[in-house]
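Structural overview for review
Chain by chain, the residues run as shown.
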Amino acid sequence: MRISRTDTCARPVERTAQGCANGAAPPLPTASALARPASALRHAASGAAALALALFLALPLALAPGLAFAAAGDGGDPAAAEGAADAQDATAADDAVSLAADGTAASLDGSPFSLQGFSRSQVGSNSDIGGVYAGYRYLVSDEPGSLAVIAAEGLTVVYVPVEAAQAVGFDAGSSESRSFLKRLLVALDTQNSKGGATLSAEGEWLFTSGTELVRDGVAYRFDQELKPGEFYACVIGEDGSDVTVASNPAHVRLTHADFATLAPAADVEVVGAATGLAALGEFLGGIDLSPLWVTLKTTLTAIVFIFILGLAAAYFSLRIPARAQDIADSIFTIPMVLPPTVCGFLLLLAFGKNTGVGQWFIDIGFPLIFSWQATVIAAVVVAFPLMYRSARGAFENLDPNMLDAARTLGWSNAKIFFKLMLPLSWSSIAAGTVLSFARALGEFGATLFLAGNYLGITRTIPIAIYFEWMNGNTDVAIFWTIVIMLFSFVVILFINLWGRRTTKYRRRAEA
């Protein structure tokens, strides 16, 4: 039985969460790493997404390096075997390696062994255990004997347990065996990187069967049972110091760790990723559509409030004295010029539990912060000014003599508004509605501040795009980008056609 690990600090397992909080975690993924392909599925999904994006955009126009080996035994010296050349060069894009679609297994033609149960830890923990510092550690499994890889800048240390090597025919003294294992590890690590640092065929690779390997004052320890039933891979100074501290003379920049199980090639069945339309169908079938429903529910609810409040504010601002109009106009318009994060922060201050309003909502059992209602409030606040400005501009352009004539005929203000002002201003109002809808649809900053990122509750499409990209799921981010672009196009086209139909009397009059 293996204990699952996490890929990022965003979803830490209980035993590694403390490492993220201590600030001793390895460096975050670089932006350049996001460009590396991970699997055939990602190629297919990204290709299909790019094709759909191209069609959408065209619619408006047309309608190796040295490898060292440390012999078995505790404290084996890797320098004795430096300079041994591998029979084959290992690269990240190795067509000879067959990868499982889920990224947990890999096999290689000609290799007597394969890897299964592969997992990756982007971060570990650097806290003491029972008051004793054991080094920067990665949780490996609940039983000993797992293959472990500790990756640092320019150095990769691979631990191959003696029993596992003997069971699968891995020969530590054979450059061919080391090359097979290296190629398998590089391919699996690249597929599971999700934008993080990846193993590279370049740089120094050290293989050991001992539970401890010392290199340049740094001790790499494996199969360490630091807690009952919990086995770790640790990195610590030879003198017991913390090597993740930059001021340490033996400082090492750790990037991540990999773990897997060696198995005979005949015992591992690798089911590769689908291709073509099958890959696209599999990709679409694995998409969580909850951000779409949250976005639709939020935007459609928000646009109702925006439409009503925008018209009411525009009508109200024209019926007050001129000096008061300037103040009211500034208040109604200011959310449009403020950064969305500022709007979200102010809303958080206004509706937080430390305010009277926020506490009142909590007391009645209806807390606003980090709820779906918070997404609606954020969308209304940031999109309201667009509706207000459009409606006010339309009302100001109406002939005041015509409105006065209606009053002399005995029309009430309500009748004048609904029968005269609203129909004559509909083109501008429809445009304001479209702009407000688009703004609410793409709202990100204020929503994230006020509502957070809760899957199925407050995660809208813009928030999903950001976090999917941050987690290295570029294909999913592209998918949601295309969805929101297509949806926006359809909605804008519909409202434009509707607005043209409702103002057809103008075209007949002009004709």
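This section reports on the structure supplied with the text. (Residues numbered from 1 in each chain as written. Predicted model: local features only at pLDDT ≥ 70, side-chain atom pairs only at ≥ 80, totals over all residues. Heavy atoms only, no water.)

Concerning the overall build of the protein
- Counting secondary structure elements, the protein contains 17 helices and 12 strands.
- Looking at the protein residue by residue over its 511 residues, the buried ones come to 46%.
- For the protein, the exposed area adds up to about 24,400 Å²; of that, 61% sits on carbon and sulfur atoms. (Helix = DSSP H or I, 4+ residues; strand = E, 2+ residues; numbered from the N terminus. Buried < 20%, exposed > 50% of the residue type's maximum accessible area, 1.4 Å probe, protein only. Areas by Shrake-Rupley, 256 points an atom, 1.4 Å probe, with all protein chains shown as cover.)

Digging into the environment of Ser125
- By secondary structure assignment, the location of Ser125 is in the loop between strand 4 (113–121) and strand 5 (136–141).
- Between the alpha carbons of Ser125 and Arg137 there is a distance of 5.4 Å; along the sequence they are 12 residues apart.
- Among the polar contacts made by the side chain of Ser125, one reaches the side chain of Ser127 at a distance of 3.2 Å. (Polar contact = N/O pair within 3.5 Å; in protein donor to acceptor, adjacent residues only side chain to side chain.)

Structural notes on the nonpolar core
- One finds Ile306, Leu311, Phe395, Met421, Ile429 and Trp480 to be the most contacted residues of the largest nonpolar core, which totals 45 residues.
- Sequence-distant contacts of Ile429, that is, excluding residues within four places in its chain, are made with Phe307, Leu311, Met387, Phe395 and Leu422. (Core = buried A, V, L, I, M, F, W, Y, C linked by side-chain atoms within 4.5 Å. Contact = heavy atoms within 4.5 Å.)

Comments concerning the packing of helix 11 (residues 400–408) against helix 12 (residues 413–424)
- Where helix 11 contacts helix 12, the two axes come as close as 10 Å, and the packing angle between them is 145°. For helix 11 against helix 12, the interelement crossing comes out right-handed. Contacts between helix 11 and helix 12 involve Met402, Leu403, Ala406 and Arg407 on the former and, on the latter, Asn413, Ile416, Leu420, Met421 and Leu424.
- Considered class by class, the residues forming the contact of helix 11 with helix 12 number 7 nonpolar, 1 polar and 1 charged. (Axes fitted to C-alpha atoms, helices over the stretch in contact; angles between N-to-C directions. Left-handed = near helix turned anticlockwise from the far one by under 90°. Nonpolar A, V, L, I, M, F, W, Y, C, P; charged D, E, K, R; others polar.)

Some details on the sheet that holds strand 5
- An order of 5-11-10-9 is seen for the 4 strands of this open sheet, with the pairing classed as antiparallel. For this open sheet the edge positions go to strand 5 and strand 9 (212–215), each flanked by a neighbour on one side alone. For this sheet the average axis-to-axis angle between neighbouring strands, irrespective of direction, equals 25°.
- Across 7 bridges, the pairing between strand 10 (residues 218–227) and strand 11 (residues 230–237) is antiparallel. Looking at the pairing, Tyr220 lines up with Val235 of strand 11. (Pairing = 2+ DSSP bridges.)

What about the side chain of Asp258?
- Position of Asp258 among the secondary structure elements: in strand 12 (residues 254–264).
- For the buried Asp258, no salt bridge is present, and the opposite-charge side chain at shortest range is Arg120, 4.5 Å distant.
- Residues within four places of Asp258 in sequence aside, it is in contact with Phe118, Ser119, Arg120, Leu147, Ala148, Val149, Asp189 and Leu199. (Lys, Arg positive; Asp, Glu negative; His and termini not counted. Salt bridge = Lys/Arg side-chain N within 4 Å of Asp/Glu carboxyl O.)

Some remarks on the side chain of Ser177
- By the element assignment, Ser177 lies in helix 4 (residues 175–191).
- For Ser177, the residues in contact, after removing those within four places along its chain, are Phe113, Gly169, Phe170 and Asp171.

Considering unusual backbone geometry
- The residue Asp216 is not glycine, and still its phi comes out positive at about 55°.
- If you check the backbone angles, Phe370 has positive phi at about 60° while not being a glycine.
- Summarising the element assignment, Phe370 is placed in the loop between helix 9 (356–363) and helix 10 (372–396).
- The partly exposed category is assigned to Phe370, whose relative accessible area is 41%.

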